[in-house]
Amino acid sequence: MTEDPDQDARLMLRFIAGEESCFIELVKTHKQRVFAFAYRFLGNAADAEDAAQEVFIKVYNARNKYTVKAKFTTWLFTITRNTCLNFLAKRGHRGLFVPLDEKPEAQEDAPGLQLADPKDLPPAELLIRKEQAEAVKKALASLPENQRTAVLLCRYDELSYEAIAEVMGCSAKAVKSILHRAKLGLKEKLAELFQ
Amino acid sequence: MNCKRAMEISAGGLSGSLNDSEKAELSGHLEECASCRKEAELLSKAWQALELYEAPALGDKFVDALMAKLRAGQAEEQASGFNPFALSPDTRAALAGWWKVPAMTLASFAVYVLCVETGLMPARQFSVPAARSSGSPLSNIFSEGPAAGGGNLLTMLEGADK
């Protein structure tokens with residue numbers, strides 16, 4: 001992540017002026033965040049990578065619509081969320097949840113994908129963590145779309161309520177309320193994990 | 001403070017948004033209420049458990065694949081046809097339906113003429129009282145009809161055809 005938020009805006013302006021290397025720099029800076037959001041939103045790595053590519057293609061093609069008054073990451077996450085929603089619509093209602101180990105080959109074969117190395121953990125611990133991760137994934141997938149978006153942006157991307165509100169097109173007060181309901185929902189769904 | 005308010009503050013505070021008075025209010029209630037203490041603990045654990053859901057890391061191939069896709073898209077666009085004006089995709093999208101306006105106008109005019117010719121609709125007659133009263137030649141064209149002495153525009157056009 002770029003430490004200086006103005007750095008993104010500067011890169012974007014230079015890209016609009018014709019410096020394509022600035023676009024590549026922006027992609028390198030934000031690709032992991034965009035992919036991670038899409039991965040947790042869509043529930044599988046192959047779709048998430050396709051969605052992340054589509055996001056940056058949209059950024060490339062819509063560069064002239066970018067205005068500096070909007071923070072780059074807010075703009076980027078707005079595009080990311082809309083792209084993920086399009087992916088869900090294309091996918092139809094065939095459910096969001098794909099177990100973590102259902103398609104290991106697809107995940108490993110996807111271009112540019114590097115799975116976290118689990119060698120550091122003892123096997124028993126690894127199994128527990130995998131089960132817990134599966135439960136968290138399931139719990140997140142069961143949340144309504146707006147709650148899931150708010151949780152991902154708040155918990156993983158550490159966006160402020162105001163920034164989340166901008167991405168979701170609602171008020172900061174509404175975001176607070178959505179997050180409140182999401183946290184209660186997650187608590188119910190993950191309660192078994194802590195018994 | 002009641003239990004409902006304690007839960008509201010507790011859930012709201014997970015992302016570190018509590019002010020000092022809310023923190024004091026909450027901790028005071030949690031010391032007294034075992035049920036809320038347990039709920040608050042579960043809320044906190046559930047929120048923390050989200051970190052277990054890790055996303056895999058993307059490698060540098062992603063950028064290369066993306067740039068290749070962009071180049072392929074641009075090449076396809078250029079190969080799809082000669083565009084002397086080289087409009088941007090946004091401009092092209094905005095202009096995509098330009099032909100609808102003249103097409104609708106022509107279609108409406110054709111329907112109107114057809115209706116007039118087949119007698120389904122009487123020809124629209126124009127009257128220009130000011131021109132008629134001043135004796136302008138216009139009064140010969142735009143009058144209330146042939147009976148008024150000057151003939152109407154359609155009659156004159158028919159006359160010209162003959």
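This structure is a prediction, so every number in the text was calculated from the model and none was measured. (Residues numbered from 1 in each chain as written. Chains lettered and ligands numbered in written order. Predicted model: local features only at pLDDT ≥ 70, side-chain atom pairs only at ≥ 80, totals over all residues. Heavy atoms only, no water.)

Enquirer: Outline the overall build of chain A, listing residues and values.
Expert: From N to C terminus, chain A includes 9 helices and 1 strand. In chain A, the succession of helices and strands from N to C terminus is α-α-α-α-α-β-α-α-α-α. For chain A, with 195 residues in total, the buried portion stands at 49%. Pairs at least 24 residues apart make up 68% of the contacts formed inside chain A by residues separated by at least 6 positions. Only carbon and sulfur atoms are counted for the fraction: they give 52% of the accessible area of chain A, which is about 9700 Å². (Helix = DSSP H or I, 4+ residues; strand = E, 2+ residues; numbered from the N terminus. Buried < 20%, exposed > 50% of the residue type's maximum accessible area, 1.4 Å probe, protein only. Contact = heavy atoms within 4.5 Å. Areas by Shrake-Rupley, 256 points an atom, 1.4 Å probe, with all protein chains shown as cover.)

Enquirer: Hey, could you go over the interface of chain B and chain A for me, with residue numbers and the actual values?
Expert: Listed as interface residues are 37 residues of chain B and, on the opposing side, 46 residues of chain A. Carbon and sulfur atoms make up 68% of the area that chain B and chain A hide from each other, which totals about 4100 Å². Our count for the contact surface shared by chain B and chain A stands at 4 salt bridges. A:Lys187 is the partner of B:Glu39 in a salt bridge, and the nearest nitrogen-oxygen pair spans 2.1 Å. Linking chain B with chain A are 11 residue pairs in polar contact (both at pLDDT 80 or more), by the criterion used here. When contributions to the side of chain B that touches chain A are tallied by element, the ones reaching two or more residues are helix H1 (3–12), helix H3 (34–49), strand S1 (57–58) and helix H4 (61–79) of chain B. (Buried area = accessible area lost by both parts, 1.4 Å probe. Salt bridge = Lys/Arg side-chain N within 4 Å of Asp/Glu carboxyl O. Polar contact = N/O pair within 3.5 Å; in protein donor to acceptor, adjacent residues only side chain to side chain.)

Enquirer: Tell me what's going on with the environment of A:Ala9, and back it up with residues and numbers.
Expert: Residues and elements named next belong to chain A. Looking at the secondary structure, you find Ala9 in helix H1 (residues 5–16). Separated by 17 residues in sequence, Ala9 and Leu26 have C-alpha atoms that sit 9.7 Å apart. Those residues in contact with Ala9 that sit more than four places away from it in its chain are Tyr66 and Val68.

Enquirer: Lay out the packing of helix H3 (residues 45–61) of chain A against helix H4 (residues 72–91) of chain A in plain terms, naming residues and giving numbers.
Expert: Residue and element names in this part refer to chain A. At a minimum axis separation of 9 Å, H3 and H4 run at an interaxial angle of 130°. Taken together, H3 and H4 sit at an angle that is classed as oblique. Considering only the axes of H3 and H4, their crossing is right-handed. Across the interface between the two elements, Asp47, Asp50, Ala51, Glu54, Val55, Phe56, Lys58 and Val59 of H3 pack against Trp75, Leu76, Ile79, Thr80, Thr83, Asn86, Phe87, Lys90 and Arg91 of H4. Along the lines of polarity and charge, the residues of the contact of H3 with H4 split into 8 nonpolar, 3 polar and 6 charged. (Axes fitted to C-alpha atoms, helices over the stretch in contact; angles between N-to-C directions. Parallel < 35°, antiparallel > 145°, perpendicular 65-115°, else oblique. Left-handed = near helix turned anticlockwise from the far one by under 90°. Nonpolar A, V, L, I, M, F, W, Y, C, P; charged D, E, K, R; others polar.)

Enquirer: Explain unusual backbone geometry to me, using residue names and the numbers behind them.
Expert: Phi at A:Glu158 takes a positive value of approximately 50°, unusual for a residue other than glycine. As for its placement among the helices and strands, A:Glu158 is situated in the loop between helix H7 (145–156) and helix H8 (161–168).

Enquirer: Would you mind going over the packing of helix H9 (residues 172–190) of chain A against H3(B) in detail, with residue names and values included?
Expert: Between H9(A) and H3(B), whose axes approach to 9 Å, the crossing angle comes to 95°. As judged from the angle between their axes, H9(A) and H3(B) are roughly perpendicular. Each of A:Leu179, A:Lys183, A:Leu184, A:Leu186, A:Lys187 and A:Leu190 in H9(A) lies in contact with H3(B), whose residues at this interface are B:Glu39, B:Leu42, B:Leu43, B:Ala46, B:Trp47 and B:Ala49. Its residues assigned to classes, the contact of H9(A) with H3(B) shows 9 nonpolar, no polar and 3 charged.

Enquirer: So what about the nonpolar core? Which residues, and what values?
Expert: Soluble, globular proteins show a tendency: their nonpolar side chains are buried together. In terms of nonpolar packing, the biggest core is built from 71 residues, with A:Phe23 and A:Val151 touching the most fellow members. The greatest single-element share of this core, amounting to 12 residues, is contributed by helix H2 (residues 20–42) of chain A. Excluding residues that lie within four positions of it along the chain, A:Val151 makes contacts with A:Leu140, A:Leu143, A:Tyr156, A:Leu179, A:Ala182, A:Leu186, B:Trp47 and B:Leu50. Counting residues in each nonpolar core, the second largest holds 11 residues, with B:Leu18, B:Leu26, B:Leu30 and B:Cys36 among its members. (Core = buried A, V, L, I, M, F, W, Y, C linked by side-chain atoms within 4.5 Å.)

Enquirer: Give a description of helix H6 (residues 123–141) of chain A that names residues and reports values.
Expert: An ideal rise of 1.5 Å per residue puts 27 Å on 19 residues; H6(A) measures up with 27 Å between its terminal C-alpha atoms. Residues of H6(A) that are buried include every one of A:Ala133, A:Glu134, A:Val136, A:Lys137, A:Ala139 and A:Leu140, and no others. (Expected span 1.5 Å × (residues − 1).)

Enquirer: Which residues make up the packing of aromatic side chains, and what are the values?
Expert: Applying the stated criterion across every chain yields a total of 11 aromatic pairs over all chains. A centroid spacing of 5.8 Å and a plane angle of 50° characterise the contact between A:Tyr39 and B:Tyr53, whose relative ring orientation is tilted. With A:Tyr39 in helix H2 and B:Tyr53 in the loop between H3 and S1, this residue pair bridges two chains. Each of the two residues, A:Tyr39 as well as B:Tyr53, counts as buried. One aromatic cluster is present, formed by A:Phe15, A:Phe23 and A:Tyr60 through successive ring pairs. Here A:Arg148 stacks its cationic end above the ring of A:Phe41, 4.6 Å away from the centre of that ring. Residue placement shows A:Lys183 over the ring face of B:Trp47; its charged tip is 4.9 Å from the ring centre. (Phe/Tyr/Trp six-rings, centres within 6.5 Å; stacked < 30°, edge-to-face > 60°. Lys NZ or Arg CZ within 6 Å of the ring centre and 35° of its normal.)

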